[in-house]
Amino acid sequence: MSFFAKEKVNKGRQPELDWLKAFCIVCMIFLHIYEDCAAEPAGLFYEFLEYACIFTGAAGFMICMGVGMRYSRRQSPADYVYRGVEILTVGQLLNLLRNALPNLIAWWIKGEQIFIAQTLLVIQADILSFAGIAFLLMALLKKLKLSDGWILAIGFAMNALALTLSRLIGDTSNFLLDVLIGFFVTNQAYSYFPLTSYFVFVAFGYFIGGLYPRIADKKALANRVLLICLPVCVLYYALRMTVPFPLMPEFGGKLQYFTIPGLDALAQCLAALVVLALFYKLTLLTGGKAPALVNHVSGNINQYYCVSYVFTFPMMTLLIAAQGHLMQGSLLPFLYGLFVVVACYFIIEWNARYLHFGIAGLRGAKRAAVFCVIWALTLAVVLYAYPRIEVFATSWNNYLLP
């Protein structure tokens, strides 16, 4: 039985992808609240978020990004360069608002090292910086006219080398240079989503995005995915969580999350297929469409990410500056997470209806000027903060949080 047609028969919005994107970003918002604003993240809901991160998380977001590249009306290398620079600059504006501004204010008021150290997080390998660089790399690969299969193979090859490169490169004597390297390879600076480790998920999404428009029988394909991939994922994760794997970092540790090497990356790709199949089954119960709220979150996923972080990091800075510790217990972070999700919805709606603020929509000289200002402010913050830091805040030392 063939699951695919020769021509494109599956166009337009794909509700299971909307479900996956909405699920990923809402879980991500709550997880950020717990990890950044809670003194000791705990509770059943937090454990659920951790497992959701294992099976989808940032990788699911990146896979959806790869699929979305294939559904975009603009797919030329030049379009990808344009989009990559745009995402990098939006991410940099977010870093100025969530990291630099609140921590500089706290530093000027309190004079404590944690705040000036966290100010330097204005440059960090985060998911938006990764997405921007991934678009630039994809532009190069498309310029070389590589097939989908070759792009996927390059993604897995980069991932296979990521852990080795991390161990070989080590650290330089210059922290700023380490930060720049961290955008590509995991090191002792803050490099949550280095390109070598995570590009495989964009490549995988790009690959299945080439197949998606030709799916002739989603129901049969979803059944086959669940029949094959679900048992494989269950068996793999059952072993990975309980048995040490040779040459691979401890499961659930920071190094494993930052490098997500080899079999872990493949398992997460298969897990994403399983979750997509399950969400497709869910859409059958809702008339073949995703609810309006799911479509809203999915259609504004970058806005939800950016707006939510403006509530997250500044709150963390405020809590430390005002009381010296983060939120206690598990109920308060949960309630704050609910508030942030709801606030994101209303802010995004209000902006869309009345304010229309967004640097992505700028064109011509105004766009160039705003982009230059954002990067100039970033440079100014780095030049101010760097010489004043005694101990750098990184993911490895929990950003010096109390």
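Residues numbered from 1 in each chain as written. Predicted model: local features only at pLDDT ≥ 70, side-chain atom pairs only at ≥ 80, totals over all residues. Heavy atoms only, no water.

J.: Any chance you could explain helix H13 (residues 292–299) here in plain terms?
T.: Note: α-helices contain 3.6 residues per turn, so residues at a spacing of three or four share the same orientation. Taken together, the buried positions of H13 are occupied by Val 294, His 296, Val 297 and Ser 298. Looking at the buried residues of H13, the elements they touch are helix H1 (15–37), helix H14 (301–323) and helix H15 (331–355). (Buried < 20%, exposed > 50% of the residue type's maximum accessible area, 1.4 Å probe, protein only. Helix = DSSP H or I, 4+ residues; strand = E, 2+ residues; numbered from the N terminus. Contact = heavy atoms within 4.5 Å.)

J.: Sorry if this is basic, but what is going on with the pattern of salt bridges here?
T.: Side-chain pairs of opposite charge can arise where the charged atoms are in close proximity. The full count for this structure, using the stated rule, is eight salt bridges. For Glu 86, the salt bridge goes to Arg 83, with nearest N and O atoms at 2.4 Å. Of this pair, Glu 86 and Arg 83 both sit in helix H4 (residues 77–110), three residues apart, roughly one helical turn. According to the relative accessible area criterion, Glu 86 is buried, its value standing at 6%. A salt bridge links Arg 98 to Asp 126, with the shortest nitrogen-to-oxygen separation between them at 2.4 Å. Residue Arg 98 is found in helix H4, and its partner Asp 126 is found in the loop between helix H5 (113–119) and helix H6 (127–143); the two are separated by 28 residues along the sequence. The pair Arg 98 / Asp 126 is uniform in exposure class, with both members buried. The structure contains a network of salt bridges with shared partners spanning Arg 83, Glu 86 and Arg 367. (Salt bridge = Lys/Arg side-chain N within 4 Å of Asp/Glu carboxyl O.)

J.: What am I meant to see in the packing of aromatic side chains here?
T.: Pairs of aromatic rings are described using the distance from one ring centre to the other and the angle between the two planes. Counted according to the given criterion, the structure contains 30 aromatic pairs. Residues Tyr 192 and Phe 193 carry aromatic rings whose centres are separated by 6.0 Å and whose planes lie at 45 degrees to one another, so their mutual orientation is tilted. Here Tyr 192 falls in the partly exposed class, since its relative accessible area comes to 24%. Ring centres of Tyr 192 and Phe 258 lie 4.8 Å apart, and the angle between their planes is 70 degrees; this geometry places the pair in the edge-to-face category. Pair noted here: Tyr 192 is in the loop between helix H8 (175–182) and helix H9 (195–211) and Phe 258 is in helix H11 (residues 254–259), with a separation of 66 residues, a long-range link. Judged by its relative accessible area of 1%, Phe 258 falls in the buried class. Three or more aromatic residues link up through ring pairs in this structure, and these residues are Trp 19, Phe 23, Phe 30, Tyr 34, Phe 45, Tyr 46, Phe 48, Phe 279 and Phe 334. We note Arg 70 situated over the ring of Tyr 206; from NZ or CZ to the ring centre the distance is 4.3 Å. A cation over a ring is seen here: Arg 98 above Tyr 309, with NZ or CZ 4.1 Å from the ring centre. (Phe/Tyr/Trp six-rings, centres within 6.5 Å; stacked < 30°, edge-to-face > 60°. Lys NZ or Arg CZ within 6 Å of the ring centre and 35° of its normal.)

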